[in-house]
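# Architecture and fold: a report
Chain residues, written in single-letter form:
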Amino acid sequence: MTTPYAITRVGDAYLVSTEHVNWVLVEDGHDLTLIDGGYPANAADVERSVREIGHQMGDIRGMLLTHAHVDHLGGLVHLAQSHSVDVWTGAREVPHAHRDYLQQLGPLRVPLVLWRHGALAWLVDIVRLGGTDREGLPEAQPLPATGLDLPGSPVPVPTPGHTDGHTSYHLPGSGILVSGDALITGHAVSRLRGPQLLPRGFSHDRRATVDSLEEIAEVDAGTLFPGHGPAWTGSMREAAGLARATAGFGRP
Ligand SMILES: [Zn+2]
């Protein structure tokens with residue numbers, strides 16, 4: 001199964017966007033960093049995107065995971081095994097990635113989103129992409145305290161809330177924040193465009209997700225590469241402010 005995608009390049013980084021989720025490739029000469037890997041069915045699409053920007057899978061020096069939801073982790077399960085590359089994520093996200101537990105929208109919370117425009121078509125699509133897969137990523141290890149020696153010199157920015165160990169990555173050389181699901185710019189079940197939070201029900205701790213927007217506001221970057229939706233240009237403080245305005249604790 002092939003999923004169409006679009007590639008947006010900013011500096012040395014590439015945002016690969018499918019209809020339902022994004023991943024990011026960061027280039028330094030021959031070497032690459034891969035951040036997130038899409039759904040289980042997207043593993044082959046990740047490989048295709050690597051070739052499309054003129055690289056091979058063997059160029060990947062390390063893989064980073066923003067958080068252990070199946071739409072970001074699923075593709076990495078296959079890729080980490082078949083290419084034996086190290087995978088790092090936030091220390092608090094490691095047991096989640098190992099599937100010691102699962103902080104994901106389950107059957108009990110599906111009614112929270114089902115009323116939304118586009119939700120049924122979205123559910124059909126994500127099941128097709130392997131969205132019900134429960135396989136963990138045993139290779140996931142905690143981010144080293146000494147920093148990451150990877151292409152793009154990614155700097156982890158802890159942004160808990162969406163999941164307990166959710167981590168965004170700042171790419172200082174390209175002026176990009178890879179925000180995962182801490183801050184997105186579009187989603188199949190959202191009618192909003194631009195910086196926003198995922199709909200209620202998708203995040204484990206909504207209040208902590210809103211609090212983490214302050215961490216994002218502090219990042220010195222001019223481009224947002226989100227986990228869902230297109231790239232966005234502007235200051236991170238502006239992005240965080242726009243997203244905070246969509247949080248609406250009083251409404252769904
Ligand atoms: Zn997520």
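Below you will find a few notes about this structure. (Residues numbered from 1 in each chain as written. Predicted model: local features only at pLDDT ≥ 70, side-chain atom pairs only at ≥ 80, totals over all residues. Heavy atoms only, no water.)

## Focus on the sheet that holds strand 8 (residues 155-158)
The five strands lie next to each other as 8-9-10-11-12, forming an open sheet whose pairing is mixed. Sheet topology places strand 8 and strand 12 (232-233) at the edges, where each strand pairs with a single neighbour. Across two bridges, the pairing between strand 11 (residues 223-226) and strand 12 is antiparallel. Bridging from a neighbouring strand, L224 pairs with W232 of strand 12. (Pairing = 2+ DSSP bridges. Helix = DSSP H or I, 4+ residues; strand = E, 2+ residues; numbered from the N terminus.)

## Looking at the nonpolar core
Residues L25, L34, I60, M63, L76, L79 and L137 are the most contacted members of the largest nonpolar core, which totals 26 residues. Listing elements by their share of this core, those giving two or more residues are strand 2 (13-17), strand 3 (22-28), strand 4 (31-35), helix 1 (43-52), strand 5 (60-64) and helix 2 (70-83). Take this core: its biggest share by element is five residues, from helix 2. Contact partners of L25, with chain neighbours within four places excluded, come to D12, A13, Y14, V16, L32, T33, L34, S49, V50 and I53. By size, the runner-up hydrophobic cluster in this structure holds 18 residues, among which are A182, L197, L213 and I216. (Core = buried A, V, L, I, M, F, W, Y, C linked by side-chain atoms within 4.5 Å. Buried < 20%, exposed > 50% of the residue type's maximum accessible area, 1.4 Å probe, protein only. Contact = heavy atoms within 4.5 Å.)

Nothing here speaks to function; it is all geometry.
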